[in-house]
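# Observations on the three-dimensional arrangement
Next come the chains, spelled out residue by residue.
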Amino acid sequence: MDFIMTTYSKDQIFNLLSEIPDPEIPVINIIDLGILRDVKFENNLCTVVITPTYTGCPAMKVIEDDIRCKLKEIGIENIKVELVFSPAWTTDWISEEAKEKLRAYGIAPPDHSTVDKKVLLGKARELKCPLCGSIHTEMISQFGSTACKALYRCLDCKEPFDYFKCL
Amino acid sequence: MNIQEAKFEYLLRLGDSSLIIGHRLSEWCGHGPILEEDIALINIALDFVGNATSILAYAGQTEGNGRDEDALAYLRSEREFRNLLITEQPNGDYANTIARQFLFDTYMFFLYEELKNSKDETLAAIAVKSHKEITYHLRHTTEWMYRLGDGTAESHERLQNGLNDLWMFTPEMFDMDEVDALLIKEGIVPDLNKVKASWEKRVKEVIAEATLKLPETTFKQKGSREGKHSEHLGFLLAEMQYVHRSFPDSNW
Ligand SMILES: [Zn+2]
């Protein structure tokens, strides 16, 4: 039997990797976000499967490095980080708990992805301000501080805020 | 030509078009007409470069000569690039950029919608992922078509000029040759006549709604399939490839 398999379970590795925050939104981790898909052990190789949120997401390289560092901390040296595109990442994979963390951080969490499809067809969205809870908000730009966010403003408390776009 | 060679060639066409239009858009960084647009264009540029990275990486694997996405992006010369001519056209003014993006985004939207059904699993997976992003791009450029076309006399005129100037590059998007024929037969890529019908319908609708006129140009400029490009591509590549060629294989 090889060393890794007898020493760590998949759950333990998931637990360990849950300590890795998203580099751009540090209040949620890569499991909350649905980026970490699987961990596999084969012979002496530990394969970690991740999927990008956006194809051009510059955070993926950082996440890959963070995964390698974390695993090395517990003595796993032989690591492969595999990037998969299918099934395509969707904001529906963000856990309810993580959505609450996003809101508390000042980012309006994504609706269910079907809601955004309606919006893409021209229907207006009712989006709650993460700061004061008002629904009197309007979109300033579909593209915000990072690829995954749009920029909104609250008409009541007057604060601008990010909205995590549905995908 | 066998299937593998055809697939490599086709992937270069897809990947190069995304890479070059992504690089063009990135030139707006710090020059956008308003901050939100600056940010939007750079986000879109990033999506295009991300799409190009996935596709060129897959092209390299398909070719099987050990070239990765960086080797393909940075170490080929002008005549080896297969991007559509429209993607390398200079940004011009903001209306000109919007016209170019609208014509190309609409094309990409319908093309990738078809590629989602490709029998090639990797290509289908990339298409599913990219199509979600393209949907946002297209919505963005379409809104600007309305806003500028149905805006002031000046914005209307500038956008119309942009469309007129770029129109001659659009027929090339639907050209098919033996590469397409081979891959269509295998169910790997769509027949572009289908994409063309959807593209024409949508483009006509938006142009009418934006109070613009369909350009009357019948002249067709093509050449990208043979690596014959406009003078603009060389300048773009000189800038894009300079660092990599000056410091080969350096890491940072
Ligand atoms: Zn508010």
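The text that follows walks through the structure, step by step, so that each part is easy to find. All residue numbers refer to position in the chain's written sequence, counted from 1. Key to labels: chains lettered from A, ligands numbered from 1, both in the order written. Note on the predicted model: pLDDT of at least 70 is required for a residue's local features to be given, and 80 or more for side-chain atom pairs to be given and counted; whole-chain, interface and lining totals, by contrast, use all residues. In computing side-chain properties, one takes all heavy atoms of the structure into account and sets aside hydrogens as well as water.

Secondary structure is summarised from DSSP: a helix means a run of H or I of at least four residues, a strand means a run of E of at least two, and numbering begins at the N terminus for each. A tally of regular secondary structure across chain A gives five helices and seven strands. Going residue by residue from the N terminus, the α and β elements of chain A occur as α-α-β-β-α-β-α-β-α-β-β-β. Exposure is judged per residue with a 1.4 Å probe applied to protein chains only, and the accessible area is read against the type maximum: over 50% gives exposed, under 20% gives buried, and values in between give partly exposed. For chain A, buried positions account for 49% of its 167 residues. We call two residues in contact when some of their heavy atoms are within 4.5 Å. Residue pairs in contact within chain A that sit at least 24 positions apart in sequence constitute 53% of those at least 6 positions apart. Of the accessible surface of chain A, which amounts to about 8,200 Å², a share of 52% is contributed by carbon and sulfur atoms. Methods summary: accessible areas were calculated by the Shrake-Rupley approach with a probe of 1.4 Å, and residue burial reflects only the protein chains presented.

Attention now goes to the overall build of chain B. Scanning chain B for helices and strands turns up 10 helices and zero strands. Mapped in sequence order, the helices and strands of chain B form the string α-α-α-α-α-α-α-α-α-α. The C-alpha atoms of chain B give a radius of gyration of 18 Å, which matches the 18 Å a tight globule of 252 residues would have. With respect to the three principal axes, the spread of C-alpha positions in chain B is 55 × 45 × 30 Å. Put simply, chain B has 252 residues, and 56% of those count as buried. Relative to all contacts within chain B whose residues are 6 or more apart in sequence, the contacts with residues 24 or more apart total 80%. Note that the radius of gyration is over C-alpha atoms, with the globule rule given as 2.2 Å times the number of residues to the power 0.38.

Bringing the packing of helix 6 (residues 121-149) of chain B against helix 9 (residues 192-209) of chain B into the picture now. Residue and element names in this part refer to chain B. Contact geometry for helix 6 and helix 9: axes closest at 8 Å, N-to-C directions at 35 degrees. Here helix 6 contributes Thr142, Met145 and Tyr146 to the contact with helix 9, which in turn contributes Arg202, Val206, Ile207 and Glu209. Ten residue types, Ala, Val, Leu, Ile, Met, Phe, Trp, Tyr, Cys and Pro, are classed as nonpolar, four, Asp, Glu, Lys and Arg, as charged, and the remainder, Gly among them, as polar. The residue inventory of the contact of helix 6 with helix 9, partitioned by class, reads four nonpolar, one polar and two charged. Axes here refer to lines fitted to C-alpha atoms; in helices the fit is confined to the stretch in contact. Angles between the N-to-C directions go from 0 to 180 degrees.

On to the pairing of strand 6 (residues 149-154) of chain A, then. Residue and element names in this part refer to chain A. Looking at chain direction, strand 5 (residues 137-141) and strand 6 are connected through four bridges and run antiparallel. Each bridged residue has a counterpart across the sheet, and for glutamate 138 the counterpart in strand 6 is arginine 153. In this antiparallel pair of consecutive strands, strand 6 and strand 7 (residues 160-164), the connection spans five residues, and lysine 158 shows a positive phi of 70 degrees. DSSP bridges decide pairing: two strands pair if at least two such bridges lie between them.

Attention shifts here to the sheet that holds strand 2 (residues 45-50) of chain A. Residue and element names in this part refer to chain A. Overall, mixed pairing links the three strands, which are arranged 1-2-3 in an open sheet. Strands at the two margins of the open sheet, each flanked by one partner only, are strand 1 (36-42) and strand 3 (79-83). When strand polarity is set aside, the average angle formed by the axes of neighbouring strands in this sheet is 20 degrees. Examined bridge by bridge, strand 2 and strand 3 share five bridges and lie parallel to one another. Residue cysteine 46 lies in a different strand from strand 3, and its bridge partner there is isoleucine 79. Across the sheet, helix 3 (residues 59-73) is in contact with strand 2 and strand 3; its angle to strand 3 comes to roughly 155 degrees.

All names here are of chain B. Multiply 1.5 Å by the residue count of a helix minus one, and that product is the helix's expected span. With 14 residues, helix 7 (residues 153-166) should reach 20 Å at 1.5 Å per residue; the first-to-last C-alpha distance of 20 Å fits that figure. The set of residues buried in helix 7 consists of Ser155, Leu159, Gln160, Gly162, Leu163 and Leu166. Down the axis of helix 7, the sector holding all buried residues measures 155 degrees, keeping them to one side. With respect to the buried face of helix 7, the exposed residues turned more than 90 degrees away are Ala153 and Asp165. In this structure, the buried side of helix 7 is in contact with helix 4 (85-88), helix 5 (94-115), helix 6 and helix 9. By definition, the arc is the one covered by directions from the helix axis to the C-beta atoms.

Here, nonpolar core means buried Ala, Val, Leu, Ile, Met, Phe, Trp, Tyr and Cys residues that are tied together by side-chain atoms lying within 4.5 Å of each other. Membership of the largest hydrophobic core comes to 120 residues, with the highest contact counts inside it found for A:Ile67, A:Leu71 and B:Tyr107. A total of 14 residues in this core trace back to one element, the largest contributor, which is helix 5 of chain B. Throughout, the edges of the domains are those of an automatic or database domain assignment. In this structure, this core is formed jointly by two domains, domain 1 (2-83) and domain 2 (94-164) of chain A, each of which donates at least three residues. Setting aside its immediate chain neighbours within four residues, A:Ile67 contacts A:Leu17, A:Ile20, A:Ile30, A:Val48, A:Ile50 and A:Val81.

Our next topic: the side chain of B:His131. By the element assignment, B:His131 lies in helix 6. Among all residues touching B:His131, those that are not within four sequence positions of it are B:Phe109, B:Tyr112, B:Glu113 and B:Lys116.

Strands belonging to one sheet form pairs held by backbone hydrogen bonds; the direction of such a pair is parallel or antiparallel. Residues and elements named next belong to chain A. Here we have four strands laid out as an open sheet, ordered 4-7-6-5, and mixed in their pairing. This sheet does not close on itself; its edge strands, each paired only once, are strand 4 (107-108) and strand 5. In the sheet, strand 6 pairs with strand 7 via five bridges, with the strands oriented antiparallel. For lysine 149, the partnering residue across the bridge sits in strand 7 and is phenylalanine 164.

Residues and elements named next belong to chain A. A donor here means any N, O or S atom no more than 2.8 Å from the metal (3.2 Å for Na, K and Ca); water is not included, so a site may seem to lack partners. At this site the zinc ion is bound by Cys129 (SG), Cys132 (SG), Cys154 (SG) and Cys157 (SG), with donor distances of 2.3 to 2.4 Å. Around the zinc ion, the four donor atoms are arranged such that angles at the metal cover 105 to 114 degrees; this shape is classified as tetrahedral. Along the chain, the residues donating to the zinc ion are arranged with the sequence spacing C-x2-C-x21-C-x2-C. Of this pair, cysteine 129 sits in the loop between helix 5 (113-120) and strand 5 while cysteine 154 sits in strand 6, placing them 25 residues apart in sequence. Each label reflects the angles at the metal, where four donors whose angles all fall between 85 and 135 degrees are tetrahedral, four or six donors whose opposite pairs open beyond 155 degrees and whose other angles stay between 65 and 115 are square planar or octahedral respectively, and the rest are irregular.

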